[in-house]
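# Working through the structure, step by step
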Amino acid sequence: MSEMTDEQRRLARAQLPAGLRPETLAVRTALAPSQHGENSEALFLTSGFVQPDAQTSAERFASSEDFTYARTSNPTVRSFEARLAAMEGTEAAVATATGMSAILLLIMGLLKAGDHVVCSRSVFGSTLNLFAKEFGKFGVETSFVSQTDLAEWRAAIKPNTRLFFAETPTNPLTEICDIRALADLAHGAGALLVVDNSFCSPALQRPAELGADLVMHSGTKYLDGQGRVMAGALCGPERLIKDVFGPVIRTAGMTLAPFNAWVVLKGLETLALRMKAHSENALAVAQWLERQPAVARVFYPALASHPQHELAMRQQGGQGGAVVAFELRGDTPEAARAAAFHLIDSTRVLSVATNLGDTKSIITHPATTSHGRLSEAQRQAAGIGQGLIRLAVGLEHVDDISDDLLRGLSTLKHSK
Ligand SMILES: *Cc1c(COP(=O)(O)O)cnc(C)c1O
C-alpha cells in the first residue's frame, strides 16, 4: 500500500468491483475522477488537450485512446458513453449530437451504395424520412414493413439486406415488436438488428440482452429526461463502436458536446427512478382514461386491453413507459378533430408541445403535428385519426394530470 503513489491509489479506488447491479452502474460508472477528487463527475469544457511532448502527441494522435481533440473524444463524453454502455449491457457506446445523428453515424459506418435495409414503417417520422429520402440518395435502399407482422419482415429480405431497424414501442400507438424474434430473423439473413430504445430506455428494456446487435438512443428524451439538451448514442460491441463508428465520427464530426454529455450523464443517475414514476403515472392515467365516456380507445402497453400486453410486459420489465395515446369519439373526422382541439385547449397544466421525455407532461395532436405531412389516406393506414391524442406523461401528481384532462373531457358532447 505504502509503495503506491497518490495517483496510483486514486486510480485503483476508481476501479469498480465486478457484478454491480444496474442501479449502481447508473450512478457509479465513469472515468476516474481527477486529482482533485471531485465526487460528481466533472464537466470538461475544452476542445483541445495539451500533450506532454511531441512523441507522446504523435502516439496519441495515432491511437486515439487518449485525449487529443474533442471531435475525437472528451472525458465528459467518454464518461457518458461508459455509463450508458454499462446500463444497456453492451461492451461500448459512442455518443452523438442528436438521436438522428446516431442513425446517420450508423448508416455511414455500416452501409454503402447497393445495400438494403428493412425498417418498420411505424418508426419516428424523421427516421422514416432519413431512410426513405436521404439515404436513398446515396443508393441505400429501404423496405418499410409492418411493426408487428414478422412475415412482412421475412418477405422483405433480399440478398443485399444488411440491416434491420426497429423501434419499440412506437409513437404514438405504442405498438410492440418482438425484439428476440426480429434478431433471430436478421441473423438468419446475415443482417444486424438495430433497435431504437429511446422510448423505454435501458431502465425498462435492454435490447442487446434480447439479441439486438446495436441499440440506438435519442438521449434528448428520457436519458436527459428533463427537456434540457439534445443527445444521441449507439451502443454495441467494441469491434463496431471503436473500429467501425469511431473513425467515422472522428472524421464526420456528429460529436456530442461536452456540456450536453454532462447533463445526460447526470440524468442517467436518476433514470430508473424516473422511468418507474413515469410508468406508474402513465398507467394510472391510462386506466382513468379507459373509464371516460368520451374516450373510444386507449393505447398503452401496460393495459390488459393492449393487443401485445404480454409481449410488452416481458420485454419492458413489466412497465409501460411514459407514452399513452387515446382516441376521442367523433361522428366525423372534423368532429373528432374539434373534440381533440377542445381537450388540448382546455388544459392549464400540461404543455402543448410535440416532444417527449420530460418531467413535464406533454399533450400532442399527432394528426396535425408529427403526422401532419401525411395524406389523410396515409394517416388512416397508420391509425392516426383526427381524434387521437398523445400524452407523454410526466412526473406531476397523477391527479393533477387527470384533473387537467377532465377540464376538456367533461365538456365534450360524448362525455355522458
Ligand atoms: C426524438 C426521437 C428520435 C430523434 O432524436 P433527436 O434527439 O430529436 O434527434 C429518434 N427516435 C425516437 C424514438 C425519438 O423519439
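For the protein, an unreviewed UniProt entry supplies the name O-succinylhomoserine sulfhydrylase and the organism Roseateles oligotrophus. Taken from UniProt, the Cofactor (unreviewed entry) comment for the protein reads in full: "pyridoxal 5'-phosphate". Turning to the protein, the UniProt record has this under Sequence similarities (unreviewed entry): "Belongs to the trans-sulfuration enzymes family. MetZ subfamily."

Looking now at the side chain of Glu-396. Within the fold, Glu-396 resides in the loop between strand E12 (388-392) and helix H15 (398-409). For the buried Glu-396, no salt bridge is present, and the opposite-charge side chain at shortest range is Lys-360, 7.4 Å distant. In terms of polar contacts, Glu-396 uses its side chain to reach the side chain of Ser-361, at 2.6 Å. In this structure Glu-396 touches Asn-281, Thr-359, Lys-360, Ser-361 and Ile-401, once residues within four positions along its chain are discounted.

Burial within helix H10 (residues 258-268) is extensive, with 8 of its 11 residues counted as buried. Those residues of H10 lying buried are Pro-258, Asn-260, Ala-261, Val-263, Val-264, Leu-265, Gly-267 and Leu-268. Those residues of H10 hidden inside the fold are in contact with helix H2 (22-28), helix H4 (75-88) and helix H11 (271-290).

In this structure, Leu-289, Val-324, Phe-326, Leu-328, Leu-391, Leu-405 and Leu-409 are the most contacted members of the largest nonpolar core, which totals 32 residues. The element that contributes the greatest number of residues to this core is H11, accounting for 5 residues. With residues near it in sequence (within four places) discarded, Leu-328 still touches Ala-294, Val-295, Ala-296, Ala-339, Ala-340, Leu-343, Gly-387, Ile-389, Leu-409 and Leu-412. Leu-223, Cys-235, Leu-256 and Leu-356 belong to the second largest nonpolar core, which has 31 residues in total.

To continue, consider the sheet that holds strand E11 (residues 362-364). As summarised here, the arrangement of the 5 strands in space is E8-E9-E12-E11-E10, forming an open sheet in which the pairing is mixed. Looking at which strands have only one partner, the edges of the open sheet turn out to be strand E8 (295-299) and strand E10 (351-352). The sheet contact formed by E8 and strand E9 (residues 323-328) spans 4 bridges and is antiparallel. In the sheet register, Phe-299 faces E9, and the bridge partner there is Ala-325.

Calculation criteria
Residues numbered from 1 in each chain as written. Predicted model: local features only at pLDDT ≥ 70, side-chain atom pairs only at ≥ 80, totals over all residues. Heavy atoms only, no water. UniProt positions renumbered as here; feature names shortened; annotations may be inferred. Helix = DSSP H or I, 4+ residues; strand = E, 2+ residues; numbered from the N terminus. Buried < 20%, exposed > 50% of the residue type's maximum accessible area, 1.4 Å probe, protein only. Lys, Arg positive; Asp, Glu negative; His and termini not counted. Salt bridge = Lys/Arg side-chain N within 4 Å of Asp/Glu carboxyl O. Polar contact = N/O pair within 3.5 Å; in protein donor to acceptor, adjacent residues only side chain to side chain. Contact = heavy atoms within 4.5 Å. Core = buried A, V, L, I, M, F, W, Y, C linked by side-chain atoms within 4.5 Å. Pairing = 2+ DSSP bridges.

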